[in-house]
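# Report on the structure
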Amino acid sequence: MGKQTLTLVLLLTNLFIAFLGIGLVIPVLPTLMNELHISGEVVGYMVAVFAVAQLIVSPITGRLIDKIGRKIMIVIGLFIFSASELLFAIGEGVPELFASRVLGGISAAFIMPAVTAFIADITTNETRSKALGYMSAAISTGFIIGPGIGGFLASYGTRVPFFFAAGLALFAAIFSWIMLKEPARQIVEELDAKKPGLSRIFAPMYFIVFVIIFVLSFGLASFEGVFSLFVDHKFGFTPTDIAIVITGSGIVGAVAQVLLFDRLTKWMGEKRLILWSLVFSSVMVGMMTLVNSYFSILFVTMIVFVGFDLIRPAATSHLSKIAGNEQGFVGGMNSMFTSLGTVFGPIIGGKLFDVDVDFPFYFAAIVLVLGSVMTYFWVRKGPKHVRIR
């Protein structure tokens, strides 16, 4: 048990480091934008290209994980991630920064599925869901803390956060190579199991939830992708200011998820929780264009994060209850629609930012309102709660 716990901690630490590095870029983007004289549209593409690379490479790495092993894929992914952060630290032009983000997406495609498979191998049916819950928490914590560390390190130099992430990832790669042992038990899918085709995406019970996940990811990516640029251009926020707002809001959202999610789902069910979270999120995203003080920005951003942080687990929980023996398919589609939203959100947000700094938030609010309307009819059509037999 001790060895298993140590292995799990090491795996979660690797995920935390990877997603911490991804979050580091957020508060530094406005400074880099000014230094390199790049537009909001370019920044949007730079954020989105990470998700594109991950989306393209993931099917390949998924097969390699079963062929060459979990441990080697994690270590290679960490080395690639270290290289991507180092390239971002020393890059002097837009091509280098784009190449860095591509490498970052590739590294995520190596690390994420390998860690998931590793956790599945070292846990039982009884302990696996809890371990995967810890995995989700490690990812969220990395996202939350990343902008904070990035903002504070940036006070010593714009590129310092990326040198820090590169060194941390390199250490994690070497440490993992020494300490991790390839799991003895590998979970293999039954060969005669009938795998659901892509047409199952459009099954009524799934499709509406997948669309909601896309709307959520699109809204969040559009919001986060231009938030730092928005407060820099409109209010003159420093990287430290941006880090405080994003980190504080992320912590409040995570705490709300831990304290409120279970109670709210028991009270109103996943579907109604999704609906009301979308409604509040759309209102608060629109409010971003009206606020004009530091504390009002902090308050609105906190409410936005709470809404987003309640929608995702509610949608995932609902899917898990209706999926039956299609859990793998549903998990993959959840990831795909999340990636699609993450790709298009920053691109469209960046283009609209170049027209007017408020436009990305108007557009994100409209998308969330449409998602709310769609969810309203979905809630009215079906039962409030999903019962498991």
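So, a few notes on the structure that sits alongside this text. (Residues numbered from 1 in each chain as written. Predicted model: local features only at pLDDT ≥ 70, side-chain atom pairs only at ≥ 80, totals over all residues. Heavy atoms only, no water.)

## Quick word on helix α8 (residues 204-235)
With 32 residues, α8 extends 45 Å between its outermost C-alpha atoms, agreeing within 8% with the 46 Å of an ideal straight helix rising 1.5 Å per residue. F227 marks the point of greatest bend in α8, at about 45°. When you tally the buried positions in α8, you get 23 out of 32 residues, the bulk of the element. Backbone geometry just downstream of α8 places G236 in the positive-phi region, at approximately 70°. (Helix = DSSP H or I, 4+ residues; strand = E, 2+ residues; numbered from the N terminus. Expected span 1.5 Å × (residues − 1). Bend = angle between axes of the 7 residues up to and from the residue. Buried < 20%, exposed > 50% of the residue type's maximum accessible area, 1.4 Å probe, protein only.)

## Here we look at the pattern of salt bridges
Under the defined criterion, the tally for this structure stands at two salt bridges. Here E85 and R101 are joined by a salt bridge, their closest N and O atoms 3.1 Å apart. Here R101 lies in helix α5 (residues 94-122) and E85 lies in helix α4 (residues 70-90), a separation of 16 residues in the sequence. Each member of the pair, E85 as well as R101, is classed as buried. (Salt bridge = Lys/Arg side-chain N within 4 Å of Asp/Glu carboxyl O.)

## So, the packing of aromatic side chains
Any pair of aromatic rings gets described here by the distance separating the centres and the angle formed by the planes. Under the defined criterion, the tally for this structure stands at twelve aromatic pairs. Summarising the aromatic geometry, the rings of F88 and F162 are spaced 4.5 Å apart at their centres and angled 35° between planes, so their arrangement reads as tilted. Placement of the pair is F88 in helix α4 and F162 in helix α7 (residues 160-179), with a sequence separation of 74 residues. Residues F88 and F162 agree in their burial class; the two are buried. One aromatic cluster is present, formed by F230, F235, F237, Y294, F295 and F361 through successive ring pairs. (Phe/Tyr/Trp six-rings, centres within 6.5 Å; stacked < 30°, edge-to-face > 60°.)

## Here's the deal with the environment of G150
Position of G150 among the secondary structure elements: in helix α6 (residues 125-153). Distance in space between the C-alpha atoms of G150 and F162 is 8.2 Å, their sequence separation being twelve residues. Leave out the neighbours within four places in its chain, and G150 touches L24, P27, V28 and P161. (Contact = heavy atoms within 4.5 Å.)

## Overview of the environment of I212
Within the secondary structure, I212 sits in helix α8. A relative accessible area of 1% places I212 in the buried class. When the C-alpha positions of I212 and L368 are compared, they lie 9.1 Å apart, and in sequence the two are 156 residues distant. With residues up to four places along the chain from it excluded, the contact list for I212 reads I274, L278, I311, M374, T375 and W378.

## Some thoughts on the nonpolar core
F223, F227, I274, V285 and M288 are the most contacted members of the largest nonpolar core, which has 67 residues in total. At the level of elements, α2 (29-36), α3 (40-68), α4, α8, α9 (239-287), α10 (294-323), α11 (327-355) and α12 (359-381) are the ones that each hand at least two residues to this core. Examining the composition of this core, we find that 16 residues originate from one element, α8, more than from any other. Excluding residues within four positions of it along the chain, F223 makes contact with V285, M288, T301, V304, F305 and F361. (Core = buried A, V, L, I, M, F, W, Y, C linked by side-chain atoms within 4.5 Å.)

## Focus on the side chain of S176
Along the polypeptide, S176 turns up in helix α7. Using a relative accessible area of 0% as the deciding quantity, one classes S176 as buried. Side chain to side chain, S176 and N14 meet in a polar contact 3.0 Å long. Not counting residues up to four positions away in its chain, the partners in contact with S176 are L10, N14, K71, V75 and L78. (Polar contact = N/O pair within 3.5 Å; in protein donor to acceptor, adjacent residues only side chain to side chain.)

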